[in-house]
Amino acid sequence: MSEISTDKAKDIQNAVALLKKGDVIGLPTETVYGLAGDVFNESAVHKIFAIKQRPFFDPLIVHVAAIEDVNKLVENVPEGARVLMRAFWPGPLTLILPKKKVVSDLVTSGLTTVGVRWPNHPVAQAVIREFGSPLAAPSANLFGRTSPTTAKHVRDEFGGAVTVIDGGPCAVGLESTVVSVTTRETGTEVLIHRPGAVTAQMIRAAFLRAGQTADVREQESEVAPGHLKHHYMPKIPLIIVPEAFAIEGGAATLTDKLKLPAWRPVELKLHPQPELAARKLYSDLRDIEMSGATLIYVRRPYVIPSELWAAVWNRLEKAASHDLSRSLAN
Ligand code: TXA
Ligand code: MG
């Protein structure tokens, strides 16, 4: 990541002044842009929910700029969580931890836990440090919609209602991996509630390096609506089709199935490298949406070759209105 320029320093000062007034700002992180506000200011937290049109049952995650900051938010940190902080912070990993009373129920939707993350982006870190306190920040998109990976995406989503700091395009492009860590008599158990760039394999390796073992499993939780069936959705239908689907030959079947009269389908072509596919995913979805297309389709490979690919497909499956990859033979 580059050094912060004088211009950027002014943007950061301006953003910190807004945060001190209880406003919210668009904040670049390495995963996606966040809609950030003072976690300890109830009215700022209210604004986040209002601007996003987010239901109050979906908890916010909180961003810090040092491991010590976690103590401002959390009762106690299990040893297993410390292993993960040391291995992956700053980075795309959110830890669900027991919250302190000072963290309001509004932030956590009444849960006794709070999600905490130290983002790996110089602008996010500078804003949190200058502000001097943790920031609540969900992804900066309307509830249920595609996450933003550029400052322009945030402006397109909220117009002039939100001041955004431009920190360039996000390097990761997928939201952070969300995990909870429990210490059991038999050892540490890590549950992955949302897959992301920090994978189960990487988590297992981190425990091994620390001389420990951990049982690491995926378990999408119902308490976290990011895990609802539909999420991350573009404004036009996204259809998953089988890998070998021939759109010309298959068009009749598609129009038939979807009852779409005049339509202009555009294929979302994923980059063959998973890191780049993840980075470009939301940008490409938004570009196609703006291009006048009426439908997006994407080919699902028969085999999902890696955990990062699985994270990309986790988002696509939730963003899709229809998944024809299993039902349509071509
Ligand atoms: O990469 C990211 O995580 C981005 C950037 C801005 O940091 N943020 C983000 O926030 O994706 P959001 O709110 O869009 O997604 C956070 C997810 C939601 O699905 C929420 O339900 C879940 O984390 N979550 C938050 N607090 C939780 C908790 N205490 N227990 C379980 N899930 C929680
Ligand atoms: Mg989100």
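What comes next concerns the included structure. Quick caveat, the model's predicted, so the values are computed rather than measured. (Residues numbered from 1 in each chain as written. Chains lettered and ligands numbered in written order. Predicted model: local features only at pLDDT ≥ 70, side-chain atom pairs only at ≥ 80, totals over all residues. Heavy atoms only, no water.)

### A closer look at the overall build of the protein chain
When helices and strands are tallied, the protein chain shows 10 helices and 14 strands. The C-alpha radius of gyration of the protein chain comes to 20 Å, within 12% of the 20 Å expected for a compact globule of 330 residues. With the principal axes as the frame, the protein chain shows a C-alpha extent of 60 × 50 × 35 Å. Surface summary for the protein chain: the accessible area is close to 14600 Å², and the carbon and sulfur share equals 53%. (Helix = DSSP H or I, 4+ residues; strand = E, 2+ residues; numbered from the N terminus. Rg over C-alpha atoms; globule rule 2.2 N^0.38 Å. Areas by Shrake-Rupley, 256 points an atom, 1.4 Å probe, with all protein chains shown as cover.)

### Examining the pattern of salt bridges
Inspection of every chain in the model, using the stated rule, returns 17 salt bridges. Residue Glu79 is joined to Arg86 by a salt bridge in which the shortest nitrogen-to-oxygen separation is 3.3 Å. With a closest N to O distance of 3.0 Å, Glu189 and Arg184 form a salt bridge. Residue classification places Glu189 among the buried residues on the basis of a relative accessible area of 11%. On the basis of relative accessibility, which here comes to 43%, the residue Arg184 falls in the partly exposed class. Via salt bridges that share partners, Arg184, Glu189, Asp215 and Arg217 belong to a single interconnected network. (Salt bridge = Lys/Arg side-chain N within 4 Å of Asp/Glu carboxyl O. Buried < 20%, exposed > 50% of the residue type's maximum accessible area, 1.4 Å probe, protein only.)

### A closer look at the side chain of Ser176
Here Ser176 shows up in the loop between β7 (163-164) and β8 (177-184). At 2.7 Å, the side chain of Ser176 forms a polar contact with the side chain of Thr94. (Polar contact = N/O pair within 3.5 Å; in protein donor to acceptor, adjacent residues only side chain to side chain.)

### Side note on the sheet that holds strand β11 (residues 238-242)
If you walk across this open sheet you meet the 4 strands as β12-β13-β11-β14, and the pairing is parallel. Each edge of the sheet is formed by a strand with only one pairing partner; in this case those strands are β12 (265-267) and β14 (322-323). Relative to β14, β11 runs parallel, the two sharing 2 bridges. Residue pairing in the sheet places Ile239 in a bridge with His322 of β14. (Pairing = 2+ DSSP bridges.)

### Notes on the packing of helix α9 (residues 274-290) against helix α10 (residues 307-319)
Two elements in contact, α9 and α10, have axes separated by 9 Å at closest approach and are oriented at 20°. In terms of orientation, α9 lies roughly parallel with respect to α10. The way α9 lies across α10 gives a crossing that is left-handed. For the pair α9 and α10, the contacting residues are Pro274, Glu275, Ala277, Ala278, Leu281 and Tyr282 in the first and Leu308, Trp309, Val312, Arg315 and Leu316 in the second. Taken together, the residues of the contact of α9 with α10 sort by class into 9 nonpolar, no polar and 2 charged. (Axes fitted to C-alpha atoms, helices over the stretch in contact; angles between N-to-C directions. Parallel < 35°, antiparallel > 145°, perpendicular 65-115°, else oblique. Left-handed = near helix turned anticlockwise from the far one by under 90°. Contact = heavy atoms within 4.5 Å. Nonpolar A, V, L, I, M, F, W, Y, C, P; charged D, E, K, R; others polar.)

### Remarks on the pairing of strand β4 (residues 93-98)
Taken together, the 4 bridges between β4 and β8 define a ladder with parallel strand orientation. Bridge pairing in β8 places Leu95 opposite Val179.

### Section: the sheet that holds strand β2 (residues 34-38)
Taken together, the 10 strands give an open sheet; going across it, the order is β7-β1-β2-β6-β3-β5-β4-β8-β9-β10, and neighbouring strands pair in mixed fashion. Where the open sheet ends on each side, the last strands, each with one partner, are β7 and β10 (214-218). Those strands touched by helix α3 (residues 79-88) are β4, β8 and β9 (187-194), and its axis lies near 155° from that of β4.

### Some details on the site of ligand 1
Looking at ligand 1, there are 22 residues lining it, with Thr31, Arg54, Asp58, His63 and Ser176 nearest. A distance of 2.6 Å separates an oxygen atom of ligand 1 from a polar side-chain atom of Ser176. Listed by contribution, the elements that provide at least two residues to the shell around ligand 1 are β3 (61-63) and β5 (113-117). Residues of the shell around ligand 1, tallied by class, amount to 10 nonpolar, 7 polar and 5 charged. (Near = heavy atom within 4 Å.)

### Regarding unusual backbone geometry
Between Trp89 and Pro90 the backbone carries a cis peptide bond, its omega angle lying at -10°. If you trace the backbone, Pro90 turns up in the loop between α3 and β4. One non-glycine residue, Gln53, adopts positive backbone phi at about 55°. Note that Gln53 resides in the loop between α2 (42-52) and β3. Looking at Gln53, the relative accessible area reads 59%, which means it is exposed.

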